[in-house]
Amino acid sequence: MRIGVLGTGNMADALATQWARAGHEVTLGGRDPVKARRLAERIGGGAQAGGLRGAAQFGDVWLAALPFGAGAEVVRTVRAELAGKVLVDCSNPVGPGFRLRTERGPSAAQLLAEAAPGARVVKAFNLCHEDVWRMRPPVFDGRPLAVPVCGDDEEALTSVRALVRDVGCAPVAGGGLERAGLLEAAAALFIGLWVGEGADVQAIAPPLAYAAG
């Protein structure tokens, strides 16, 4: 696939590196072209760098690796280029006290969809720290990491599921985009337990055979 990455932070670095290794064509776009170029050089694998608009024009699939609050603003500037494209949102709107910054309003993913109404938005890759996405592959106790994926367009979901598999993970159907807020709330809960309490979040869920009683 041709993947355009909006952002040059840690999530952009981790996921773009994995996809370049898997043989995808990657272009990194950031507001700081020097930073984008340095990241492309570090990733290697033919990764290119450009401005935000250049990455937007390049990709069939875009990753919005942008902080909540900046994401909708940046996406709005390139919404014409996003028309018909797959836009993956991996952000977490988590604020002080591990609270959701979206409160009871639209999810971060829905806000991106509003900012670029022609894009096919999918929520994925938001439940783990970037170091997990750097693993080759993310396998724990013999099981590949499961990655919930939420979206309304089946073709877009198919593309994102393929990208999940390309980082060594197993895609899980998370429902439509209206359920993206649940993923974001889960991230807020998990981060609060991991970071705030030092809890083992994996210990919360029973084995599948016992889940339904």
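Residues numbered from 1 in each chain as written. Predicted model: local features only at pLDDT ≥ 70, side-chain atom pairs only at ≥ 80, totals over all residues. Heavy atoms only, no water.

Visitor: With reference to specific residues and values, describe the overall build of the protein chain.
Guide: Counting its secondary structure elements, the protein chain contains 10 helices and 10 strands. Computed over C-alpha atoms, the radius of gyration of the protein chain comes to 17 Å, within 12% of the 17 Å expected from 2.2 N^0.38 for 213 residues, which places it in the range of a compact globule. In terms of overall dimensions, the protein chain has C-alpha extents of about 50 × 35 × 35 Å along its principal axes. Classification of the 213 residues of the protein chain by burial places 45% in the buried group. Approximately 10,500 Å² of the protein chain is accessible, and the part contributed by carbon and sulfur atoms is 52%. On the protein chain, the mean spot of the 22 positive side-chain charges and the mean spot of the 22 negative ones are 4 Å from each other. (Helix = DSSP H or I, 4+ residues; strand = E, 2+ residues; numbered from the N terminus. Rg over C-alpha atoms; globule rule 2.2 N^0.38 Å. Buried < 20%, exposed > 50% of the residue type's maximum accessible area, 1.4 Å probe, protein only. Areas by Shrake-Rupley, 256 points an atom, 1.4 Å probe, with all protein chains shown as cover. Lys, Arg positive; Asp, Glu negative; His and termini not counted. Charge placed at Lys NZ, Arg CZ, Asp CG, Glu CD.)

Visitor: Please give an account of the layout of surface pockets that cites residues and values.
Guide: Of the voids in this model, the largest pocket is the one considered here, and its volume is about 950 Å³. Contributing to the lining of the largest pocket are 24 residues, with Arg-143, Leu-145, Ala-146, Phe-190 and Gln-202 lying nearest its centre. Those elements that place two or more of their residues in the lining of the largest pocket are helix H7 (130-133), strand S8 (143-144), strand S9 (146-151) and helix H9 (180-197). Considering each element in turn, the lining of the largest pocket owes the most residues, three residues, to S9. Here the residues of the lining of the largest pocket are counted per class, giving 20 nonpolar, three polar and one charged. (1 Å grid on protein atoms, 1.4 Å probe; cavity = no way out; pocket = protein on both sides within 12 Å on 5 of 7 lines; lining within 4 Å. Points joined across faces, edges and corners; volume = space filled by probe spheres on them. Nonpolar A, V, L, I, M, F, W, Y, C, P; charged D, E, K, R; others polar.)

Visitor: Break down the environment of Ala-186 for me, with residues and values.
Guide: By the secondary structure assignment, Ala-186 is in helix H9. Taking relative accessible area as the criterion, Ala-186 reaches 22% and is therefore assigned partly exposed. For the pair Ala-186 and Asn-92, spaced 94 residues apart in the sequence, the C-alpha separation amounts to 9.8 Å.

Visitor: Lay out the sheet that holds strand S10 (residues 170-173) in plain terms, naming residues and giving numbers.
Guide: Read from one edge to the other, the open sheet built from eight strands follows the order S3-S2-S1-S4-S5-S6-S9-S10, with strand pairing classed as mixed. Because the sheet does not close on itself, it has two edges, and the strands there are strand S3 (48-50) and S10. Strand after strand, the sheet turns through a mean of 30° between neighbouring axes, direction not considered. (Pairing = 2+ DSSP bridges. Axes fitted to C-alpha atoms, helices over the stretch in contact; angles between N-to-C directions.)

Visitor: Give a description of the side chain of His-24 that names residues and reports values.
Guide: Secondary-structure assignment places His-24 in the loop between helix H1 (10-21) and strand S2 (25-29). Within polar-contact distance, the side chain of His-24 engages the side chain of Asp-166 at 2.6 Å. Beyond its immediate sequence surroundings of up to four residues, His-24 is in contact with Met-1, Ile-3, Trp-19, Leu-163 and Asp-166. (Polar contact = N/O pair within 3.5 Å; in protein donor to acceptor, adjacent residues only side chain to side chain. Contact = heavy atoms within 4.5 Å.)

Visitor: I'd like a rundown of the pattern of salt bridges, residues and numbers included.
Guide: Applying the stated criterion to the full structure yields 10 salt bridges. Glu-184 is the partner of Lys-123 in a salt bridge, and the nearest nitrogen-oxygen pair spans 2.8 Å. Remark: Glu-184 occurs in helix H9 and Lys-123 occurs in strand S6 (residues 120-123); sequence separation between them is 61 residues. Connected through shared salt-bridge partners, Asp-13, Arg-42, Asp-131 and Arg-134 make up one network. (Salt bridge = Lys/Arg side-chain N within 4 Å of Asp/Glu carboxyl O.)

Visitor: Kindly report on the packing of aromatic side chains, identifying the contributing residues and their values.
Guide: Applying the stated criterion across every chain yields a total of three aromatic pairs. Look at Trp-19 and Phe-125: their rings are 5.7 Å apart centre to centre, the planes differ by 70°, and that puts the pair in the edge-to-face class. With Trp-19 in helix H1 and Phe-125 in the loop between S6 and H7, the pair connects residues that are 106 residues apart, well separated along the chain. The exposure class assigned to Trp-19 is buried, which follows from its relative accessible area of 1%. (Phe/Tyr/Trp six-rings, centres within 6.5 Å; stacked < 30°, edge-to-face > 60°.)

Visitor: Give me the lowdown on the nonpolar core, citing residues and values where you can.
Guide: Of all hydrophobic cores here, the largest spans 36 residues; its most connected members are Trp-19, Val-26, Phe-125, Trp-133 and Val-160. For this core, the element with the most residues is H1, which contributes seven residues. Not counting residues within four places of it along the chain, the set of residues in contact with Trp-19 comprises Ile-3, His-24, Val-26, Leu-63, Phe-125, Leu-163, Asp-166 and Val-167. In terms of nonpolar packing, the next biggest core, distinct from the first, is built from 20 residues, Leu-6, Val-74, Val-78 and Ala-116 among them. (Core = buried A, V, L, I, M, F, W, Y, C linked by side-chain atoms within 4.5 Å.)

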